[in-house]
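The lines below spell out each chain.
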Amino acid sequence: MDYFLTEDQLMIKDLAKRIAEERIKPVRAELDEKEEFPKEIIQEMAKSDMFGIFIPEEFGGLGGRCLDLVLAVEELSRICSGVAISFAATALGSFPIILFGSQKQKEKYLPYVASGKSLCAFALTEPDAGSDASGIKTTARMEGGEYILNGTKQWITNGAEADIYTVIALTNPSKGIRGASAFIVEKGTPGFVFGKKEKKMGIRASSTRELVFSNCRIPAENLISKEGMGFMVAMKTLDQSRPGIGAQAIGIAQGAMEEALEYSHQRVQFGQPISSFQAVQHMLADMATQIEAARALVYSVARYMDSGAKEISKESAMTKLFASDVAMQVTINAVQILGGYGYMRDYPVEKMMRDAKITQIYEGTNQIQRNVIALQMLKERAKGR
Amino acid sequence: MEIIVCIKQVPETGNIKINPQTNTLIREGVPSIINPMDMYAIEEGLRIKEKSSGRMTVITMGPPQADAALRESISLGADDAILISDKRFSGADTWATAYTLAQAIKKIGHYDLILCGKQAIDGDTAQVGPELAEMLGIPIATYVRKIEEIDNEHIRVHRMMEDGYDVIDTPMPALLTVVKEINIPRLPSLKGKMKARKAEITVWTADDLNGEPSFYGLQGSPTWVVKIFSPDPRPSGRILTGKTSEMVAELVKGLKETKII
Ligand SMILES: Cc1cc2nc3c(=O)[nH]c(=O)nc-3n(C[C@H](O)[C@H](O)[C@H](O)COP(=O)(O)OP(=O)(O)OC[C@H]3O[C@@H](n4cnc5c(N)ncnc54)[C@H](O)[C@@H]3O)c2cc1C
Ligand SMILES: Cc1cc2nc3c(=O)[nH]c(=O)nc-3n(C[C@H](O)[C@H](O)[C@H](O)COP(=O)(O)OP(=O)(O)OC[C@H]3O[C@@H](n4cnc5c(N)ncnc54)[C@H](O)[C@@H]3O)c2cc1C
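It should be emphasised that the depicted structure is a prediction, and the values quoted were computed from it without experimental measurement. (Residues numbered from 1 in each chain as written. Chains lettered and ligands numbered in written order. Predicted model: local features only at pLDDT ≥ 70, side-chain atom pairs only at ≥ 80, totals over all residues. Heavy atoms only, no water.)

**Thoughts on the overall build of chain B**
What chain B contains, in helices and strands, is six helices and 11 strands. Residue burial in chain B is summarised as follows: out of 261 residues, 43% are buried. Contacts spanning at least 24 positions in sequence make up 69% of the contacts within chain B whose residues lie at least 6 apart. With an accessible surface of roughly 14600 Å², chain B has 53% of that area assigned to carbon and sulfur atoms. (Helix = DSSP H or I, 4+ residues; strand = E, 2+ residues; numbered from the N terminus. Buried < 20%, exposed > 50% of the residue type's maximum accessible area, 1.4 Å probe, protein only. Contact = heavy atoms within 4.5 Å. Areas by Shrake-Rupley, 256 points an atom, 1.4 Å probe, with all protein chains shown as cover.)

The structure is reproduced here in structure tokens:
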């Protein structure tokens, strides 16, 4: 379908597609098998200015916005969402600085992100704080013009690979989540080390690590926004990034559908290609319909956000919720269409099915997305809208 | 270091079709690309330029559409691009092509290194590079698969041979034709693509060059293509069935009939 993309957007989409097909596709199975972070590919993406897409022009980026990022993530995910998420998580990690950082912080960090010299990561989750961010225990105590961080962050995408971390920690534990603040922590800061490297079901090319802070001193100027604004910064960051997960999901689903369509045409049983069976055709038709619906939703919400809309939580949550459920359904059926071959690692659809699952979990589980959507609906009702 | 890369725009091979009536290439609707070998020349030029903080100019002789090939070169990192285009250049064979390129390069004036692809995938002669070097009176190394050393005075390269490789030293300026083993061409960058969209492409016609007009185009081409034809499609084979002894007898008969034995 034609989504009336601009010339720049088509250019981003085409280049992301070329990177995916020419550079990622040949190695995706190996990266998955070896759980290897795609350093070389990330460097190539950096040279192609992909990391500049979401950075404002004045800081060396291209000044693209939500839809531009969505298009890039979708094309990369169509081939390998493990690589795509390492890219998207850099956007996620940089959003607190882009949205709430001071001019000085932006000048110091964003040019490195735009050029791809530095990857970013966003660290909210802790062992006891997943869906319930108010359970975080990491603290940031002010002492002699510095903050001292203590605590452990868990399952942080780009952990150890990123140079710039945006970290949510409590500056005033007695106030609970209202006492949380957001910080920039650079890799290599004394007292900041990396813990366990997770072994995952999918997106295995991406790095998921523990971040351990023990008396890690950072300058006071690394505080993003003001003390006590950490939870707000985190929530607005996630609002901004969720369409990216939606894009990841439609990319995975699109890739799986294409594989299934192609295979159904080649595979002969009962003397005819399996694509001639109506049961198979209907699965393909449902896949295509669901994907197009998800894409239409993700693109229109991205455009809505790019129009400068302020209240975006509900719509942003919808993109992730709907597209990730579509990705799961489509990849399960893609494996079904490939039958036993689909279950084997010789074909890419089993990886796509494993990869799809995470889109229903991270950046807020789909149950939490429904909570966000319903809460907003009730708020709007109360306001009489 | 000043580098000139010669590129040719060619039809994407997977799509080449011959009109069975006229026996000519059907070019309408066939997407054009930069000759794949020339992508390696561009990449090598960019690498040298980046190391020596030099400049790289890409030139092509071709129809106005070759503008697209030059813009793509700019999106990859070329500093300048020149399109050598004129009806008077059309019908050029390799000699006339090389002559025209040589006139353009003389007009550019200063250069340290000229890079060409080993050969074009459509014309396929691999003659333009050597002819060009001859006309400019500079040394050439063909089939270069590696540049070992390079400075302003000299260059040492590895030439790919069937049974190994030659190591060649030559003074600069020089011309190299490169093979695909030399590097992995980069992808364009978004900023490069934006720059390419806005770039001014210089166009030179015969009037801008100092050459002898009768040496251009069809008139200046000593090669005449008498006939172009597609080879007859290979007839499909025959599969023999039956008893082994019968099949062998049948096979021998067939081989005798076709005078193979
Ligand atoms: C591969 C991977 C990468 C990640 N990357 C990052 C990262 O870069 N940065 C970061 O900060 N975090 C990251 N996370 C963490 C991720 O965001 C959390 O896993 C997610 O928010 C869910 O938290 P949890 O896993 O603790 O699940 P829990 O909160 O323990 O939830 C368990 C189940 O209970 C349900 N549930 C919980 N509360 C409710 C409720 N109120 N109503 C209904 N159902 C509920 C959930 O939906 C879920 O089904 C990552 C996680 C993974 C797996
Ligand atoms: C279908 C067809 C019909 C033709 N008809 C005629 C004809 O009627 N009369 C005739 O005389 N010739 C004809 N030619 C020859 C045509 O002009 C040659 O293709 C051309 O001279 C270049 O030679 P080549 O393609 O073999 O390049 P090669 O010598 O194989 O190319 C080697 C390298 O030289 C450089 N190079 C080649 N061409 C150019 C260029 N135009 N601009 C910049 N750099 C270049 C590139 O770096 C390239 O990699 C025909 C060719 C074809 C394919």
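**Focus on the packing of aromatic side chains**
Inspection of every chain in the model, using the stated rule, returns 17 aromatic pairs over all chains. Their ring planes at 45° and their centres at 6.3 Å tell us that A:Tyr263 and A:Tyr341 sit as a pair that is tilted. On the criterion of sequence distance, the pair formed by A:Tyr263 in helix α7 (residues 230-266) and A:Tyr341 in helix α9 (residues 313-343) is long-range, its members being 78 residues apart. Using a relative accessible area of 11% as the deciding quantity, one classes A:Tyr263 as buried. When its relative accessible area of 40% is taken as the criterion, A:Tyr341 is described as partly exposed. Summarising the aromatic geometry, the rings of A:Tyr341 and A:Tyr347 are spaced 6.0 Å apart at their centres and angled 70° between planes, so their arrangement reads as edge-to-face. Taking the relative accessible area as the measure of exposure, A:Tyr347 reaches 29% and is therefore partly exposed. One aromatic cluster is present, formed by B:Phe89, B:Trp95, B:Tyr99, B:Phe215 and B:Tyr216 through successive ring pairs. (Phe/Tyr/Trp six-rings, centres within 6.5 Å; stacked < 30°, edge-to-face > 60°.)

**Notes on the site of ligand 1**
Residue and element names in this part refer to chain A. For ligand 1, the set of nearby residues contains 21 residues, the closest of which are Thr125, Ser131, Thr157, Thr365 and Gln367. Within the backbone of Leu124, an N or O atom sits 2.8 Å from an oxygen atom of ligand 1. Within the backbone of Trp155, an N or O atom sits 2.8 Å from a nitrogen atom of ligand 1. Its free accessible area being 970 Å², ligand 1 has 65% of it covered by the protein chains. Elements represented by at least two residues in the shell around ligand 1 include exactly β1 (120-123), β3 (146-157) and α11 (366-382). In the shell around ligand 1, the residues fall into 10 nonpolar, nine polar and two charged. If you count residues domain by domain, the shell around ligand 1 takes at least three from each of domain 2 (121-230) and domain 3 (234-382). (Near = heavy atom within 4 Å. Polar contact = N/O pair within 3.5 Å; in protein donor to acceptor, adjacent residues only side chain to side chain. Nonpolar A, V, L, I, M, F, W, Y, C, P; charged D, E, K, R; others polar. Domains from an automatic or database assignment.)

**What to know about the domain arrangement of chain A**
Residues and elements named next belong to chain A. Domain assignment breaks chain A into domain 1 (7-119), domain 2 (121-230) and domain 3 (234-382). Here domain 1 and domain 3 have C-alpha centroids that lie 21 Å from each other. Contact with domain 1, which involves 22 residues of that partner, is made by 32 residues of domain 3. Summed over both partners, the interface of domain 1 with domain 3 comes to about 2300 Å²; 60% of that surface belongs to carbon and sulfur atoms. (Buried area = accessible area lost by both parts, 1.4 Å probe.)

**Focus: the sheet that holds strand β5 (residues 80-84) of chain B**
All names here are of chain B. Strand order in the open sheet made by the nine strands is β9-β8-β7-β10-β6-β1-β4-β5-β11, with mixed pairing throughout. Of all strands in the sheet, those with a lone pairing partner are β9 (164-171) and β11 (202-204), marking the two edges. With strand direction ignored, the average angle separating the axes of adjacent strands in the sheet is 35°. Contacts from helix α1 (residues 36-52) reach β1 (2-6), β4 (55-61), β6 (113-117), β7 (140-150) and β10 (174-178), with the element oriented near 155° to β6. Together, β4 and β5 form the strand contacts of helix α2 (residues 67-76), whose direction differs from that of β5 by roughly 165°. (Pairing = 2+ DSSP bridges. Axes fitted to C-alpha atoms, helices over the stretch in contact; angles between N-to-C directions.)

**Comments concerning helix α1 (residues 7-24) of chain A**
Given a rise of 1.5 Å per residue, 18 residues ought to cover 26 Å, and the 24 Å separating the end C-alpha atoms of α1(A) matches this to within 8%. Check the buried side of α1(A) and you find it contacts α2 (28-34), α3 (39-47), α4 (66-79) and α5 (81-100) of chain A together with α5 (190-198) of chain B. (Expected span 1.5 Å × (residues − 1).)

**Some words on the site of ligand 2**
Residue and element names in this part refer to chain B. As a matter of local geometry, ligand 2 sits amid 30 residues, with Cys6, Lys8, Asp38, Ala92 and Thr125 nearest to it. A distance of 3.3 Å separates an oxygen atom of ligand 2 from a polar atom in the backbone of Asp124. Between Ala126 and ligand 2, the recorded distance is 2.8 Å, taken from a backbone N or O atom to an oxygen atom. Here ligand 2 loses 84% of its free accessible area of 940 Å² to cover by the protein chains. Looking at the shell around ligand 2, the elements with two or more residues in it are β4, α3 (94-108) and β6. In terms of residue class, the shell around ligand 2 is made up of 12 nonpolar, 12 polar and six charged.

**A short note on the pattern of salt bridges**
Using the criterion set out here, one finds 45 salt bridges over all chains in the structure. Across the pair A:Asp355 and A:Lys351 runs a salt bridge whose closest N-O atoms are separated by 2.8 Å. Of this pair, A:Asp355 and A:Lys351 are both found in helix α10 (residues 349-359), four residues apart, which corresponds to roughly one turn of the helix. Both residues of the pair, A:Asp355 and A:Lys351, belong to the buried class. A salt bridge links B:Arg88 to B:Asp207; the nearest nitrogen and oxygen atoms lie 3.1 Å apart. Of this pair, B:Arg88 sits in the loop between β5 and α3 while B:Asp207 sits in the loop between β11 and α6 (244-257), and the two are 119 residues apart along the sequence. Owing to a relative accessible area of 44%, B:Arg88 belongs among the partly exposed residues under this scheme. Members of the salt-bridge network, linked through shared partners, are A:Asp32, A:Glu35, A:Lys199, A:Arg204, A:Glu350 and A:Arg354. (Salt bridge = Lys/Arg side-chain N within 4 Å of Asp/Glu carboxyl O.)

**Thoughts on α7(A)**
Residue and element names in this part refer to chain A. The terminal C-alpha atoms of α7, which comprises 37 residues, lie 54 Å apart, in line with the 54 Å expected from a rise of 1.5 Å per residue. Of all the bends in α7, the greatest reaches close to 35° and is centred on Gln240; the proline Pro243 follows between one and four positions later. Counting buried residues in α7 gives 26 out of 37 residues, a clear majority hidden from the surface. (Bend = angle between axes of the 7 residues up to and from the residue.)

**As for the side chain of A:Ser86**
Residue and element names in this part refer to chain A. Note that Ser86 resides in helix α5. For Ser86, a relative accessible area of 0% corresponds to the buried category. Looking at Ser86, its side chain comes within polar contact range of the main-chain oxygen of Gly82, at 3.1 Å. Look past the residues within four positions of Ser86 in its chain and what remains in contact with it is Phe37, Ile42, Asn158 and Ser206.

**Thoughts on a positive patch on the surface**
Residue and element names in this part refer to chain A. A cluster of basic residues, Lys236, Lys379, Lys383 and Arg385, forms a positive patch at the surface. Along the polypeptide, Lys379 turns up in helix α11. Using a relative accessible area of 44% as the deciding quantity, one classes Lys379 as partly exposed. (Patch = residues over 30% accessible without salt bridge, like charges linked within 9 Å, V, L, I, M, F, W, Y side chains within 5 Å. Lys, Arg positive; Asp, Glu negative; His and termini not counted. Charge placed at Lys NZ, Arg CZ, Asp CG, Glu CD.)

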